[in-house]
Each structure stands twice: as C-alpha cells, then as structure tokens.
Amino acid sequence: MQVHEILRIKGTVLYTVAPQQTLGNAVVTMTDLDVGSLVVMENGRMVGLLSFREVLRSVRAAGGDWQLLSVASVMQRDPATAHPDMEVDELRRLMLENRCRYLPIMEGDTLMGVLSFHDVARAMLEEQSFENRMLKSYIRDWPMEDMSG
C-alpha cells in the first residue's frame, strides 16, 4: 500500500492556519474541527505545522499568556514530510523515527494532505481485513481433491 492510497480514502481536505494568527485562535479552530494539527500556510506555501504537542509546550512555557502567542512563534518549522508514492511501511518508520503523529504529504512544493498516525493505522487495519476476507473466500472456494486415488 502506498501513501496516495490512504490519501484517496481519507480525502485531501486541508485545515490551515496563518503564521500571524494567535495560538488562541488556532486552538479554537482545532477544537471546532476536532483535529490534532493545522498546516501553517503563508503565500500558498507550507511554512510549518502546528499540533497539539506544540500547543501544550506553549501553554507550559507561557502560562496564562499562551493564547496571545503567534502561531509562527510556536509552530514546528520544516516538519518531516512524505511523498505520495512512498510505501506505507516507510511512512510508519518515518513517523516513528521522527516521533510525529501528523505528517504532511508533499509532491514537490505542493501539499497533498496530512496523514495522522490514526489514518495510517486505520488504513492498515482495513487492508488486513480485506486480505483476510479474500483469503477466507479463496479457501472456501478451494476445489476438493479427488480422494479416490
């Protein structure tokens, strides 16, 4: 299975935030959309990624003033990215090695989508379930051998 197959199943809806927005506004967006990350876009290009991990670090560091911080001051700059033609095993390894739960998928300079560890796990489970059904169907339809021989 390749990354583009997971994107096709998940869809390519992108949730974004501008770097000059406040962290408070970004958290409202994340909460309203029930997402764990936002892509930080400036002039049509990805400049960073904001996930709940950066939000929590900022809350701890800034205390009561965390909502006033700019997204640019807390976002993850130059996050690890994957390519749509990457195999899922390579994607999982990349996510584990970089300790990232959200990974932007880039084709050149074009952002194709963001996959979460949950998206990858769900796709793998669905693929295994499909393979399991196919194997069971294959076994059920297996021709009986001639026992007279």
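Here, the structure is the one placed above.
Trainee: Sorry, what's going on with the packing of aromatic side chains here?
Mentor: For any pair of aromatic rings, geometry is given as the distance between the ring centres together with the angle between the planes. In this structure the tally under the stated criterion is one aromatic pair. For the pair F52 and Y102, a centre-to-centre distance of 6.1 Å together with 85° between the ring planes defines the contact as edge-to-face. Taken together, the positions of F52 in helix 3 (residues 52-62) and Y102 in strand 5 (residues 102-107) put the pair 50 residues apart, joining distant regions of the chain. You can call F52 partly exposed: its relative accessible area is 30%.

Trainee: In this structure, what is going on with the pairing of strand 2 (residues 37-42)? I would like to understand it.
Mentor: Moving residue by residue along a regular strand, the side chains alternate between the two faces of the sheet. Bridging between strand 1 (residues 16-17) and strand 2 involves two bridges; their strand directions are parallel. Residue pairing for strand 2: V17 is matched across the bridge by V40. You can see the chain leave strand 1, run along helix 2 (residues 23-33) and come back into strand 2, and the turn it takes is right-handed. Here strand 2 pairs with strand 3 (residues 45-51) via six bridges, running antiparallel. Each bridged residue has a counterpart across the sheet, and for M41 the counterpart in strand 3 is M46. Here strand 2 hands over to strand 3 after two residues, with N43 in that stretch at a positive phi of 55°.

Trainee: Hey, could you run me through a negative patch on the surface in this one?
Mentor: On the surface, a cluster of negative charge is made up of D85, E87, E90 and E107. Along the polypeptide, E90 turns up in helix 5 (residues 88-97). Owing to a relative accessible area of 41%, E90 belongs among the partly exposed residues under this scheme.

Trainee: Which parts of the structure should I look at to understand unusual backbone geometry?
Mentor: Comment: phi is negative for the bulk of residues other than glycine, and the bulk of peptide bonds are trans. Residue D34 is not a glycine yet carries a positive backbone phi of 55°. Structurally, D34 can be placed in the loop between helix 2 and strand 2. Of note, the phi angle at D78 is positive, near 50°, even though the residue is not glycine. By relative accessible area, which is 72% here, D78 ends up exposed.

Rules and cut-offs
Counting of residues starts from 1 at the beginning of each chain's written sequence and follows it residue by residue. Local features in this predicted model are restricted to residues of pLDDT 70 or higher, and side-chain atom pairs are both shown and tallied only at a pLDDT of 80 or more, whereas totals for entire chains, interfaces and linings draw on every residue. Side-chain calculation: all heavy atoms of the structure are included, whereas hydrogens and water are not. For this analysis, a ring pair means two rings from Phe, Tyr or Trp (six-membered ring only for Trp) whose centres lie within 6.5 Å, classed as stacked if their planes differ by under 30 degrees, edge-to-face if by over 60, and tilted for the remaining angles. Secondary structure elements follow DSSP: runs of H or I no shorter than four residues count as helices, runs of E no shorter than two count as strands, and numbering proceeds from the N terminus. Each residue is assigned to one of three classes by its accessible area relative to the maximum for its type, calculated with a 1.4 Å probe on protein chains only: buried under 20%, partly exposed between the two thresholds, exposed over 50%. Two strands qualify as a pair provided DSSP detects at least 2 bridges between them. A crossover gets the label right-handed when its path from the first strand over the helix to the second runs clockwise, viewed with the strands pointing away from the viewer. Like-charged residues within 9 Å of one another, or nonpolar side chains (Val, Leu, Ile, Met, Phe, Trp, Tyr) within 5 Å, are grouped into patches, provided each residue has over 30% relative accessible area and no salt bridge. Accessible areas in this description were obtained via Shrake-Rupley with a 1.4 Å probe; residue shielding takes into account the shown protein chains only. We define a salt bridge as a contact between a side-chain nitrogen of Lys or Arg and a carboxyl oxygen of Asp or Glu at a distance within 4 Å. For the charge count, each Lys or Arg is scored as positive and each Asp or Glu as negative, with His and the chain ends excluded. Note that the charge is assigned to NZ on lysines, CZ on arginines, CG on aspartates and CD on glutamates.

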